[in-house]
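# Tertiary structure, described
Take a look at the letters that make up each chain.
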Amino acid sequence: MKFTHMKLHEWVKKMAEMCRPDRIVWIDGSEEEKARLEKEAFATDELIQLNQKKMPGSVFHRTAANDVARTEHLTYICTSHKADAGPTNNWLPPKTGYAKAKAIFKNAMKGRTMYVIPFSMGPVGSPFSKIGVELTDSIYVVLNMRIMTTIGAPVLKILGGDGEFTKCLHSKADLDINRRLILHFPEDNTIWSVGSGYGGNVLLGKKCLSLRIASYLGYQEGWMAEHMLIMGVEKPNGHVVYIAAAFPSACGKTNLAMLVPPKGLAKKGYKIWTVGDDIAWMRIDTDGGLWAINPETGFFGVAPGTNSKTNPNAVATIKSNTIFTNVLLKPDKTVWWEGADGPVPSRGIDWRGRPWKPGLTDENGEVIKAAHPNSRFTAPIMQCPTASFRLKHHHGVPISAIIFGGRRAHVAPLVYESFNWQHGVYVGATMASERTAAQYGAEGEVRRDPMAMLPFCGYNMGDYFRHWLRMGKNMQTPPKIFNVNWFRTDSEGRFLWPGYGENLRVLEWIADRCEKTAEAIKTPIGYTPTPRSLDLTGLKLPAGNLDKLLSIDKEAWEKEMDQHEEFFKQFGKTLPTELKQELSNQRSRFKKV
Ligand code: GTP
Ligand code: SPV
Ligand code: MN
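Below is a summary of the structure that appears in this document.

## Describing the coordination of the manganese ion (ligand 3)
- Coordination of the manganese ion (ligand 3) by the protein comes from K207 (NZ), H227 (NE2) and D278 (OD), over a distance range of 2.1 to 2.5 Å.
- If you look at the manganese ion (ligand 3), its six donor atoms make angles of 64 to 171 degrees with each other, and the shape they trace is irregular.
- For the manganese ion (ligand 3), all donor residues lie on one chain, and their spacing in sequence is K-x19-H-x50-D. Taken together, the residues K207 in helix α8 (residues 205-221) and D278 in the loop between β15 (271-276) and β16 (280-284) connect sequence positions 71 residues apart. Each member of the pair K207 and D278 is classed as buried.

## Describing the packing of aromatic side chains
- Inspection of the entire model under this criterion finds 25 aromatic pairs.
- Between F247 and W486 the ring centres are 6.4 Å apart and the planes differ by 90 degrees, which places this aromatic pair in the edge-to-face class. Separated by 239 residues along the polypeptide, F247 in the loop between β14 (240-246) and α9 (253-257) and W486 in the loop between β29 (480-484) and α14 (504-514) bring together distant segments of the chain. For the pair formed by F247 and W486, the shared burial category is buried.
- An aromatic cluster of three or more residues is present, and its members are Y219, F404, W421, Y426, Y459, Y464, F465, W468, F567, F568 and F571.
- Here the basic side chain of R283 rests over the ring of W223, its NZ or CZ set 4.7 Å away from the ring centre.

## Observations regarding the site of ligand 1
- Ligand 1 sits among 21 residues. The nearest are A250, K253, T254, R376 and Y500.
- T254 is positioned such that a nitrogen or oxygen atom in its backbone is 2.8 Å from an oxygen atom of ligand 1.
- Within the complex, the protein chains bury 93% of what would otherwise be the 660 Å² of accessible surface of ligand 1.
- Residue assignment for the shell around ligand 1 shows that the elements contributing at least two residues are α9 and β18 (298-302).

## Re the site of ligand 2
- In the vicinity of ligand 2, the residues found are R70, Y198, G200, K206, K207, H227, S249, D278, F300, R376, A438 and F456.
- One of the side-chain nitrogen or oxygen atoms of H227 is found 3.3 Å away from an oxygen atom of ligand 2.
- Between an oxygen atom of ligand 2 and a side-chain N or O atom of S249, the distance comes to 2.5 Å.
- Out of a free accessible area of 280 Å², ligand 2 has 98% covered by protein chains.
- Tallied by class, residues from the shell around ligand 2 come to four nonpolar, three polar and five charged.
- Each of domain 1 (6-222) and domain 2 (226-298 + 389-591) accounts for three or more of the residues forming the shell around ligand 2.

## Some remarks on helix α2 (residues 31-44)
- Look at α2: 20 Å from first C-alpha to last across 14 residues, which is about the 20 Å you get at 1.5 Å a residue.
- For α2, the set of buried residues is E33, K34, L37, E38 and A41. Across the axial projection of α2, the buried residues extend over an arc of 130 degrees, all falling on one side. Exposed and oriented more than 90 degrees from the buried face of α2 are E32, K39 and A43.
- Measuring from the side-chain oxygen of the N-cap residue of α2 to the backbone nitrogen of E33 gives 3.2 Å; that N-cap residue is S30.
- Note on α2: the residue one or two positions beyond its end, D45, has a positive phi of about 70 degrees.

Quick notes on the rules
Residues numbered from 1 in each chain as written. Chains lettered and ligands numbered in written order. Predicted model: local features only at pLDDT ≥ 70, side-chain atom pairs only at ≥ 80, totals over all residues. Heavy atoms only, no water. Donors = N, O, S within 2.8 Å, 3.2 Å for Na, K, Ca; no water. Tetrahedral: all angles 85-135°; square planar, octahedral: opposite > 155°, others 65-115°. Helix = DSSP H or I, 4+ residues; strand = E, 2+ residues; numbered from the N terminus. Buried < 20%, exposed > 50% of the residue type's maximum accessible area, 1.4 Å probe, protein only. Phe/Tyr/Trp six-rings, centres within 6.5 Å; stacked < 30°, edge-to-face > 60°. Lys NZ or Arg CZ within 6 Å of the ring centre and 35° of its normal. Near = heavy atom within 4 Å. Polar contact = N/O pair within 3.5 Å; in protein donor to acceptor, adjacent residues only side chain to side chain. Areas by Shrake-Rupley, 256 points an atom, 1.4 Å probe, with all protein chains shown as cover. Nonpolar A, V, L, I, M, F, W, Y, C, P; charged D, E, K, R; others polar. Domains from an automatic or database assignment. Expected span 1.5 Å × (residues − 1). Arc of directions from axis to C-beta.

Right, here's the structure in full:
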């Protein structure tokens, strides 16, 4: 390897002096390199090769049992001033952060190889892309980054002798949860992650760079980094309406991004195009509209519940060249998870590496799951049958609608449209969702998760809200803002809405609202569909469900708005007055009904 970038060279040397790897390998991204790394990982059982007849190019990996989801309580924003991290982030002064992590990184790579992965988030060379270099002692990380980003030689070439890059350092160290830290130093364009081997904690191009560091950069440079899927809804007349949607982790982004139109609507001629399933970088273009790119090249999707009925496009995508993490390994070296296609296997090895058969229970009498609820697949986006041809465009796609949504058993209706951008920002800022298995913590607990960015905003969330308001003012044609909830339940806890492909019925209404052709009713929280403006052709929805799905319970909303007020308090003076105004306007609208 010829070093022309002296700063990069010096940084790699300095990090190696701290971590003490036995050797340093520069990743070039070639096929030969991939084969060599896989072979090495098969030999040590870091990876298991899957059945190459049935799943060509696919491999299997298990993470440590205490390391299966993002650890938000160990994730920090390290800025000189605490106020810059804001009330919703864990904070450490940079000096303390570096010192604490250094103690764990010290000698952590002894006996191991340090891989140097140059990577680009966004098309290589696009003015919208950002470059990072991740140092890691995990082959699993290298192979995941290979799918999720563009890596290796072309990136180094673009970086040249003095290009800017995010310095990303990762070591599994000893995988001890008490010696695990995910640290972001936005002022130094640096990320340090130690003590974990799980996805969002260690694929540093993903949540760490593309959301936490990028949101900080976006605030300064006037663009947005958001936890959003991007999809195109092709209408029967051939016009494609592009939508970006923010749902918290494990709340349906991957599923929505590649949905298959239900029969009734497919007949009309609807088609879906997938641009991204997790992250959107958005900027205002010369037309005064908002344009989005997906900085990733792969999906890191939730496995459980994925089958040919719920998500046929995902099933097609993961047929080959896929990394499966923490699912069940079957005797024939294929995989399974709860809610997968086919019969429940009679035996296998579970995500913890223990023999498994259906019906096994643990010491508390709970059924032992074959796959971890947050088990995942990593697959190239280009293998998705609905991958959009616009993926390679530097400017991305023009966004007509932004959708917020969460997992709410009660309160939030199936869909509503905000009155305008400012009201929409209030809707996003007060979003809430029930906690899922994608992060450690009590599952099911309702928490506020503004714009689905609570765990991912790299700076003060009060300033983040101000940035959203400012972006709206700077656009000539801001997208319309909607809220959806696929997860409302009846008194028995059953979902009122079938979800998945049927969600297109709601997207159709949204797309038609953008073109001002769909009917709506004005309510205190925004516009909701008239019953006949939602096309339910071919859907057997139990009588009464639609009313329940669209109902707005005044008492529940009044309680909800008390919670909004409470939530806003923590931001003190950084909370934009516009949001308080929107809350008070909404309260007055409710008083009138
Ligand atoms: P992250 O990758 O963590 O950001 O998650 P995500 O937002 O991409 O969520 P994903 O699409 O993977 O869905 C997570 C879970 O929600 C899966 O178990 C799905 O089966 C389930 N799910 C997705 N869409 C729907 C829906 O419309 N209705 C219902 N009831 N469940 C859904
Ligand atoms: C999420 O949790 O939102 C994910 C998975 O997309 S992870 O990459 O682990 O963050
Ligand atoms: Mn996500």
